[in-house]
Amino acid sequence: MDLEPAASIARNKNCTASGGLAVRIRDVQQTKQDSFALKDSRFPPMTRDELPRLFCSVSLLTNFEDVCDYLDWEVGVHGIRIEFINEKGSKRTATYLPEVAKEQGWDHIQTIDSLLRKGGYKAPITNEFRKTIKLTRYRSEKMTLSYAEYLAHRQHHHFQNGIGHPLPPYNHYS
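Anyway, here's the lowdown on the structure attached to this text.

Reading guide: rules and limits
Residues numbered from 1 in each chain as written. Predicted model: local features only at pLDDT ≥ 70, side-chain atom pairs only at ≥ 80, totals over all residues. Heavy atoms only, no water. Phe/Tyr/Trp six-rings, centres within 6.5 Å; stacked < 30°, edge-to-face > 60°. Helix = DSSP H or I, 4+ residues; strand = E, 2+ residues; numbered from the N terminus. Buried < 20%, exposed > 50% of the residue type's maximum accessible area, 1.4 Å probe, protein only. Contact = heavy atoms within 4.5 Å. Polar contact = N/O pair within 3.5 Å; in protein donor to acceptor, adjacent residues only side chain to side chain. Salt bridge = Lys/Arg side-chain N within 4 Å of Asp/Glu carboxyl O. Core = buried A, V, L, I, M, F, W, Y, C linked by side-chain atoms within 4.5 Å.

**Considering the packing of aromatic side chains**
Aromatic ring pairs are described here by two measures, namely the spacing of the ring centres and the angle between the planes. Under the criterion given, the structure shown has six aromatic pairs. Look at phenylalanine 84 and tyrosine 121: their rings are 6.0 Å apart centre to centre, the planes differ by 90°, and that puts the pair in the edge-to-face class. On the criterion of sequence distance, the pair formed by phenylalanine 84 in strand S3 (residues 79-85) and tyrosine 121 in the loop between helix H4 (108-118) and helix H5 (127-130) is long-range, its members being 37 residues apart. Ring plane angle 80° and centroid distance 6.4 Å describe the contact between phenylalanine 84 and phenylalanine 129, whose orientation is recorded as edge-to-face. Of this pair, phenylalanine 84 sits in strand S3 while phenylalanine 129 sits in helix H5, placing them 45 residues apart in sequence. Neither phenylalanine 84 nor phenylalanine 129 differs from the other in exposure class; each is buried. Counting every residue linked through ring pairs, the aromatic cluster contains Phe84, Tyr121 and Phe129.

Take a look at the structure:
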């Protein structure tokens, strides 16, 4: 789960996905939320003033398909997960959600090369090496909720459950 201010920080945060793993959503949600949204050392902690500008997006990854050709996917339609052996002989993986390549204006090769670098590959990238990549393509359904929508939903369900007083605003600092 990614919690991020809508403006500049949203462009800088990378998504994290559990590509192809059959896991309980509740486990992923808690793990990802704890380890990435609140402990990302690349960005300062969120402030109370940023809360009204927050959006939470969740991407449900579906239709995983292993393909034989590293070019067998569509920019803007498929997310891709690559698996490769790095220059030290270690197996590495990296993934991009379907919207990443399109948002960056990348073609297939630029996307693959960026994923290789994201996955830690440091050697020169050749066409022969690209052909050794194991590629899995997938689709994604993304849902986004603003902080205001979250509060309204939370308030509605709080009253619906028979508790007669409003909830205080969420404060993850307390």
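Now that the structure has been shown, the text picks up again.
**What about H4?**
Three or more residues of H4 are buried, namely Thr111, Ile112, Asp113, Ser114, Leu115 and Leu116. Buried positions along H4 lie against S3, strand S4 (91-96), helix H3 (98-104), H5 and strand S5 (134-146). Between the side-chain oxygen at the start of H4 and the backbone nitrogen of isoleucine 109 there is a gap of 3.1 Å, and the oxygen is on aspartate 107. Glycine 120 lies just past H4 and shows a positive phi near 100°.

**With respect to the pattern of salt bridges**
Enumeration according to the criterion identifies six salt bridges in this entry. Across the pair glutamate 83 and lysine 91 runs a salt bridge whose closest N-O atoms are separated by 3.9 Å. Under the relative-accessibility criterion, glutamate 83 is labelled buried at 18%. For lysine 91, a relative accessible area of 56% puts it in the exposed group. We note a salt bridge from arginine 130 to aspartate 113, for which the minimum N-O separation is 2.8 Å.

**Some details on the nonpolar core**
Ile82, Phe84, Ile112, Leu116, Tyr121 and Leu135 are the most contacted members of the largest nonpolar core, which has 21 residues in total. The set of elements that each furnish at least two residues to this core consists of strand S2 (54-67), S3, S4, H4 and S5. If we skip the residues at most four places from it in the chain, phenylalanine 84 touches Ser90, Lys91, Arg92, Thr93, Leu116, Gly119, Tyr121, Phe129 and Ile133.

**Focus: the side chain of serine 114**
Following the sequence through the fold, serine 114 ends up in helix H4. Here the side chain of serine 114 touches tyrosine 96 through a polar contact of 2.6 Å, side chain to side chain. If sequence neighbours within four positions are ignored, serine 114 has contacts with Tyr96 and Trp106.

**Topic: the side chain of arginine 130**
Structurally, arginine 130 can be placed in helix H5. Among the residues examined, arginine 130 registers a relative accessible area of 10% and is labelled buried. Reaching out from arginine 130, the side chain makes a polar contact with the side chain of aspartate 113 at a distance of 2.8 Å. Discounting residues that sit within four places of it in the chain, arginine 130 has contacts with Tyr70, Ile109, Ile112, Asp113 and Ile125.

**As for unusual backbone geometry**
Note: most peptide bonds trans; most residues except glycine with negative phi. Even without glycine at this site, asparagine 63 takes up a positive phi of about 55°. Position of asparagine 63 among the secondary structure elements: in strand S2. Residue class for asparagine 63 comes out exposed when judged on its relative accessible area of 51%.

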